[in-house]
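The primary structure of each chain is shown beneath.
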Amino acid sequence: MDTYKQIADETNGQVISLTKKEIGRLGRFVASTGVGRSLLGAGSDKSSSSGRIDKRDGTKVHTIDFLVDDTVSNLLVTVSFTHPSGSCYLLSPDFDVKYPEFTSTSTNSRIYEIHRPLTGSWTLKAVTSISDGFSYRINSISPSTLDFGFYFIRSYGQRETVTDYVIPGESLRVVLTALSEKEKMGNARLEVVNIHGDVLNTITSLTRNPDNEHQLITTFSVPDVTFRLKLSGKTEAGLSFSRTSQQTIIPSRVVLKPMSLTLQKRTLGPGSKGNIYLILQHYSPHPLTLNIRYTSSVGIIKRVSPSSIERMSPGRRRAIKLEYEIPRDTLEGTELRVIVMASDEGETIKGTCVYTALVTKYAST
């Protein structure tokens, strides 16, 4: 389970344990999340604002309030408990208790699906023992859902370029693009939140892009923890809304990313052999000794080189090669996932890269 938890943390997922009988019952929910999905909120018991301790019976009650606006035609809430003893309920704006569409009898994970939900403030309450925990995700599943995209811009003197990594403490520009015409950008604000849902920073000075009325631009300081972006504002009908980015951003002074040649290799054939190439670079103020570790599905990685780099200078780049071999009996359509981590000896500074590929007999050689 620890391996699945690591994959979920690195790829913005949520672990839900199921029995074989429960997988079939869950199928229609998986199919329904593929179209028009946007994240209203996500977090866990570690959020500093989501719990109070009831000293009478040793339980902890977590209260999560979230907004549902007029663009949400289907509401999907998933709650996963660390232990089966946890419980939860969902309360609509008119104080109607909603019951889950799906409950796992083995872990007490629950899924709520609400069609045409009332607009306004909803409440999710989760009850656990003091030592237990849980995680939750709140999604809008709608054909014309309100959502937003973003990208970061780094300045190099007079030159600016879009960047695919962020360094703790640096100042970056972020460009937000609204993906729905139902959003009024005038009262929008941006919040930087951690993976538990706590607000790290609030930015209200957003400037409209003169070349694109659906874009907002602002500057913020990158935190030193994994974070998401949360955009709030008004819909066309004047209702308040909030959307949280599906993607989590992991700041690091160690940057590990695939070479362009590797990015083009997204399909692999059964029985094939080859190499995955990554680029490693670090931005710490002093030399680092870095160790390279990896985990992979179906044991496809046979060797990594180099496995460690002694006293690597700041700003210097090194190529990392992973030799892979796909078993001949690997089923067609299997998704392969490789997680590579570079860290210093104390693991206080580290960078992570996730590479995925699909097994198919039609893979290019």
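All figures in this text were calculated on a predicted structure; none of them were measured in a lab.

Engineer: Before we go on, may I ask you to explain the overall build of the chain in this structure?
Structural biologist: Within the chain, the secondary structure is distributed over three helices and 28 strands. Counting only residues that meet the buried cut, the chain has 45% of its 365 residues in that class. Sequence separation of at least 24 residues holds for 71% of the intrachain contacts in the chain that already meet a minimum separation of 6. Carbon and sulfur atoms form 49% of the exposed surface of the chain, whose accessible area is close to 18,700 Å².

Engineer: Just to check I follow, could you spell out the sheet that holds strand 22 (residues 273-282) for this structure?
Structural biologist: Where strands meet in a sheet, backbone hydrogen bonds hold them as pairs that are either parallel or antiparallel. One open sheet accounts for four strands, arranged 20-22-26-24; its pairing is antiparallel. Each edge of the open sheet carries a strand with a single partner, namely strand 20 (254-258) and strand 24 (301-305). Averaged over all pairs of adjacent strands, the angle between their axes in this sheet comes to 25°, without regard to strand direction.

Engineer: Just checking my understanding: could you explain the pairing of strand 27 (residues 335-343) for this structure?
Structural biologist: For a regular strand, side chains alternate in direction, first toward one face of the sheet and then toward the other. Across the nine residues of strand 27, seven count as buried, placing the element largely inside the fold. As defined by bridge partners, strand 27 adjoins strand 28 (residues 350-359) across nine bridges and the pair is classed as antiparallel. Considered in strand 28, the bridge of E335 is made with L358. Taking the residues between adjacent antiparallel strands as the criterion, strand 27 and strand 28 are bridged by six residues, where E347 takes a positive phi near 55°.

Engineer: Sorry, what's going on with the pattern of salt bridges here?
Structural biologist: Charged atoms that come close allow side chains of opposite charge to pair. By the definition in use, this model includes nine salt bridges. R243 serves as the salt-bridge partner of D69, at 2.9 Å between the closest nitrogen and oxygen. You can see D69 sitting in the loop between strand 3 (59-68) and strand 4 (74-81) and its partner R243 sitting in strand 19 (residues 240-244), a full 174 residues away along the chain. Residue class for R243 comes out buried when judged on its relative accessible area of 0%. Salt-bridge contacts for K257 lead to D164; the nearest nitrogen and oxygen are separated by 3.6 Å. Here K257, found in strand 20, pairs with D164, found in the loop between strand 12 (159-163) and strand 13 (171-178); they are 93 residues apart in sequence, far enough to count as distant. Its relative accessible area of 25% is what places K257 among the partly exposed residues. D164 sits in the exposed class, given a relative accessible area of 59%.

Engineer: For this particular structure, what's the right way to read the nonpolar core?
Structural biologist: Looking at soluble globular proteins, one finds that nonpolar side chains tend to be buried together. Counting 27 residues, the largest nonpolar core has L256, L278, L280, I320 and L322 as its most contacted members. Elements with a minimum of two residues in this core: strand 20, strand 22, strand 23 (288-296), strand 24, strand 25 (308-312), strand 26 (317-325), strand 27 and strand 28. Once residues within four sequence positions are removed from consideration, L278 is found in contact with L256, K257, P258, M259, R318, A319, I320, L322, V340 and C353.

Engineer: Just checking my understanding: could you explain the environment of I349 for this structure?
Structural biologist: Secondary-structure assignment places I349 in the loop between strand 27 and strand 28. Classification of I349 as buried rests on a relative accessible area of 17%. It is 7.2 Å that separates the C-alpha atoms of I349 and S252, two residues lying 97 residues apart in sequence. Discounting chain neighbours no more than four positions away, the residues touching I349 are R253, V254, S284, L288, A342, S343 and D344.

Engineer: Would you mind going over the pairing of strand 23 with me for this structure?
Structural biologist: Strand direction decides the pairing type here: strand 23 and strand 25, joined by three bridges, are antiparallel. Its bridge partner being in strand 25, L290 is matched across the sheet by I309. Alignment of strand 23 against strand 27, held across six bridges, turns out to be antiparallel. Bridging across to strand 27, R293 finds its partner in M341.

Engineer: So what exactly am I meant to see when it comes to the packing of aromatic side chains here?
Structural biologist: Aromatic ring pairs: the centre-centre distance and the angle between the two ring planes describe each pair. A full pass over the atoms with the stated rule returns six aromatic pairs. Between F152 and F220, the ring centres sit 5.8 Å apart and the planes meet at 40°, which makes this aromatic pair tilted. Taken together, the residues F152 in strand 11 (residues 148-156) and F220 in strand 17 (residues 212-221) connect sequence positions 68 residues apart. For the pair shown, F152 and F220 are each scored as buried. Their ring planes at 70° and their centres at 6.1 Å tell us that F220 and F227 sit as a pair that is edge-to-face. Judged by its relative accessible area of 0%, F227 falls in the buried class. An aromatic cluster of three or more residues is present, and its members are F150, F152, F220 and F227. Above the face of the Y165 ring, R154 is positioned so that its terminal group lies 4.3 Å from the ring centre.

Engineer: I'm lost on the sheet that holds strand 21 (residues 267-268) in this one. Help?
Structural biologist: Pairing in this open sheet of five strands is mixed, and the strands run 21-28-27-23-25 from one edge to the other. A strand with exactly one partner marks an edge of an open sheet, and here the two such strands are strand 21 and strand 25.

Engineer: It is not clear to me how unusual backbone geometry should be interpreted in this structure. Could you clarify?
Structural biologist: As a rule of thumb, non-glycine residues mostly have phi less than zero, and peptide bonds are mostly trans rather than cis. Cis rather than trans, the peptide bond between S305 and P306 has omega equal to -10°. With respect to the element layout, P306 can be found in the loop between strand 24 and strand 25. Despite not being glycine, R116 has its phi angle at roughly 50°, a positive value. Here R116 is to be found in the loop between strand 8 (110-115) and strand 9 (120-129).

Calculation notes
Residues numbered from 1 in each chain as written. Predicted model: local features only at pLDDT ≥ 70, side-chain atom pairs only at ≥ 80, totals over all residues. Heavy atoms only, no water. Helix = DSSP H or I, 4+ residues; strand = E, 2+ residues; numbered from the N terminus. Buried < 20%, exposed > 50% of the residue type's maximum accessible area, 1.4 Å probe, protein only. Contact = heavy atoms within 4.5 Å. Areas by Shrake-Rupley, 256 points an atom, 1.4 Å probe, with all protein chains shown as cover. Pairing = 2+ DSSP bridges. Axes fitted to C-alpha atoms, helices over the stretch in contact; angles between N-to-C directions. Salt bridge = Lys/Arg side-chain N within 4 Å of Asp/Glu carboxyl O. Core = buried A, V, L, I, M, F, W, Y, C linked by side-chain atoms within 4.5 Å. Phe/Tyr/Trp six-rings, centres within 6.5 Å; stacked < 30°, edge-to-face > 60°. Lys NZ or Arg CZ within 6 Å of the ring centre and 35° of its normal.

Function-wise, these values are silent; they only describe arrangement.
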